[in-house]
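Structural description and commentary
If you want the building blocks of each chain, they are given just below.
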Amino acid sequence: MTAENVNIICVPYNYLSLPSLDMAVLKACLTQKGIDSKVHHMDIAYALHIGGDTYLDLRDSLLGDAIFSAILFPDNQDRVKAALSKSGVEDGLLDDLVKKTENFLEDYLESKSFEFAPNSVAIFHLYSAQLFPALCISKKIYERFGTRVWFSGYHCQGACGDSLREIFPHIEKTFGTNIHRSIVSALEQCSLAGYVGTIDDMPTPDYSDFFEVFESLPRKFKSAHIDHYWLQLEFSRGCWWDACSFCTLNCQHEQFENRNLEKIIEDYKTLASKHGTVQILANEFNTVHGWKDYVSRLNEELPGMKGSFDLCFKVSELQNEKDAAFLSENDINILVGVESLSKDELKLLNKGCSVIEAIQMLKYMERHGVKCFYNLMHSLPFETDQDLVETERVIKFIIHLRPPFDVETFRLTYGSSIFKNPECFSVSTMGMRENVEGVLLPQSVHSQYVPFFMDFTTEKHSHSDTVQEWENLIGKWSDAYYAFAKQRRPKKTSLLHMRSIGDILEICDARYGDYRVQSLSGNEKCLYEFCDKIRTFEDIKKEFSDINSEELMSMLKSFINDKTMFEEDASYLSLAI
Ligand code: SF4
């Protein structure tokens, strides 16, 4: 059997301004092998039909998926309506949206009839919020054109993918990992050229189908929703750490691969010259090995792009102050995997770092003015009330350091370590999300469905209780840190900073409303400065061998009482900027 052409279909609710990197790479790989393909931006066409703002609202609500579920399973509509009604959606809204969506699908598919030949392959690559639209639209395409339907991405790994094929027999194949290689090699069995290669063999992503649609959009829609698009390119694939217990970010790539630097430079130049734009964004899960060399060479070769190379890091990779200085000099924003400020939680998350290391990283970034983005997770299955108390205690020490941009509710996903070993993480039961897929899928298929996102129960406590408390906690931290910005005033110094001349060091502390100045000299000053990087008590005793241990401990305790120093497991870190 041969595939006459390949249609890659981007269904709602993809981000309108972030055309899919995976699809653009897949298209380029297929072209490299002489296989014609087209990325169909059905997401954009739908947003245009339904209204850009409505599209964005639907993306973030149950209603968005409910529309496609209602079309796919008309007999299940009453259950869906009952659930929507409970969550405050007005009666009749679903019916209206279903009607508009059916009209859209009819017109759209009619306009595509010459492209979906019976023997062609239609690939639905799922990122987030695309499962129900993909199930619905793929079935319509299959029934109407006899097209072969393949699914890839999230929801398609292992038993998840198997269950999709079992429940929806129109799906011929599913691909959960290494999709570019596995899809091309599946096409090879259709008498098309095979594909074996590393990330360096991957061609530059091909966004030409996105631009074809982009050029045809009305000016007003473009400026409201798409003008600020980003073309992504890959610095690396997968994650070299690949050990965080909650993570499935990495699930599409079985191993970590760095892309060759010269290839990346070529990618930048190709995208810029082909599409006449420099709205280009680096994509990675965890930073490439030798990242400083990458940055230096990119700045040398593409000086006008300096400041646009945002990077992702593990906390343990940023324990040297020189790295913060380098990031600052090169205008690099960073995304760091902090996730928790509770020691016990961090261990179970298996982040491979300690709380004091996270604080040291945040301090160095604050000192050098590096924009550091991170989030904290809550509602983990092993979370206890004590974790919230402990986080509150830690935050009191670090109000002067940049707070997280988000508090994220933990989601249990298929394939993560927590999923594989639930008993080690206090998970008692796990299963389909009762208020999402439990409603959107008819009861008749519940027993067959293997979910990607899951509800769980735990012996610890009910999580919905604490969500507000976490948000309040981080909200107060942000209020204090951004107080000057909220008053439209520049912040001249950190809320906790130090100055020194000769033997005098002053710590100025404005974290708690008043303004305290602590003056240090002699041994106290030397000890405080020595602990500007994390020191164990053994390091300290060795450095200050002429001072007895009790005296040293007494000075350290005094700093800790004033919250100008943080202690964890007999390691110490001064906190002033
Ligand atoms: S959370 Fe980040 S660092 Fe951890 S395994 Fe996933 S991608 Fe890697």
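What counts, and at which threshold
- Residues numbered from 1 in each chain as written.
- Predicted model: local features only at pLDDT ≥ 70, side-chain atom pairs only at ≥ 80, totals over all residues.
- Heavy atoms only, no water.
- Helix = DSSP H or I, 4+ residues; strand = E, 2+ residues; numbered from the N terminus.
- Domains from an automatic or database assignment.
- Near = heavy atom within 4 Å.
- Nonpolar A, V, L, I, M, F, W, Y, C, P; charged D, E, K, R; others polar.
- Polar contact = N/O pair within 3.5 Å; in protein donor to acceptor, adjacent residues only side chain to side chain.
- Contact = heavy atoms within 4.5 Å.
- Core = buried A, V, L, I, M, F, W, Y, C linked by side-chain atoms within 4.5 Å.
- Buried < 20%, exposed > 50% of the residue type's maximum accessible area, 1.4 Å probe, protein only.
- Axes fitted to C-alpha atoms, helices over the stretch in contact; angles between N-to-C directions.
- Parallel < 35°, antiparallel > 145°, perpendicular 65-115°, else oblique.
- Left-handed = near helix turned anticlockwise from the far one by under 90°.
- Pairing = 2+ DSSP bridges.
- Expected span 1.5 Å × (residues − 1).
- Arc of directions from axis to C-beta.

For the bond running from P12 to Y13, omega is 5°, close enough to zero to count as cis. Phi is positive for R488, close to 55°, though the residue is something other than glycine. Its place among the elements puts R488 in the loop between helix 21 (483-486) and strand 18 (496-501). Backbone geometry places K563, a non-glycine residue, at a positive phi of 60°. Mapping K563 onto the fold places it in the loop between helix 24 (549-561) and strand 22 (565-568).

With that settled, consider the domain arrangement of the protein. What the domain assignment reports for the protein is domain 1 (6-201) and domain 2 (496-574). For domain 1 and domain 2, the distance between their C-alpha centroids amounts to 58 Å.

With that out of the way, let us pick up the site of the ligand. The environment of the ligand is made up of C239, W241, D242, A243, C244, F246, C247, F285, N286 and K351. Here the residues of the shell around the ligand are counted per class, giving 7 nonpolar, 1 polar and 2 charged.

Below, the discussion takes up the side chain of D532. With respect to the secondary-structure elements, D532 resides in the loop between helix 22 (522-530) and strand 21 (535-536). A polar contact is formed between the side chain of D532 and the side chain of R367, at a distance of 2.8 Å. Filtering out sequence-adjacent residues up to four positions away, D532 remains in contact with E321, Q360, K363, Y364, R367, M498, L573, S574 and A576.

A word on the nonpolar core. Counting residues in each nonpolar core, the largest one holds 183 residues, and the members touching the most others are I67, F124, F151, F235, Y268 and I334. Residue-level mapping places this core at the junction of two domains, with at least three residues from each of domain 1 (6-201) and domain 2 (496-574). When residues no more than four places from it in sequence are discounted, the contact partners of F235 are E257, N258, R259, I264, Y268, A282, N283, E284, V288, L298, F309 and L311.

In the contact formed by helix 14 (residues 321-329) and helix 16 (residues 355-367), the axes pass within 9 Å of each other and the chain directions differ by 40°. On the basis of their axis angle, the class for helix 14 and helix 16 is oblique. The handedness of the crossing between helix 14 and helix 16 is right-handed. Contact residues: helix 14 offers E321, A324 and L327, while helix 16 offers Y364, M365 and R367. Split by residue class, the contact of helix 14 with helix 16 holds 4 nonpolar, no polar and 2 charged.

What follows concerns the sheet that holds strand 12 (residues 372-373). Across a sheet, paired strands are connected by hydrogen bonds in the backbone, their directions being either parallel or antiparallel. Within the open sheet, the 3 strands sit side by side as 10-11-12. Their pairing is parallel. Lying at the two open borders of the sheet, with one neighbouring strand each, are strand 10 (311-314) and strand 12. Of the strand pairs in this sheet, strand 11 (residues 334-337) and strand 12 are connected by 2 bridges, and their pairing is parallel. Across the sheet, I334 pairs through a bridge with C372, a residue of strand 12.

With 15 residues, helix 20 (residues 467-481) ought to run about 21 Å at 1.5 Å a step, and its terminal C-alpha atoms sit 21 Å apart, in line with that. For helix 20, the full list of buried residues reads W470, L473, I474, W477, S478 and Y481. All buried residues of helix 20 lie within an arc of 130° about the axis, which places them on one face of the element. In this structure, the buried side of helix 20 is in contact with helix 16, strand 13 (375-378), helix 17 (385-397), strand 14 (406-409) and helix 21.

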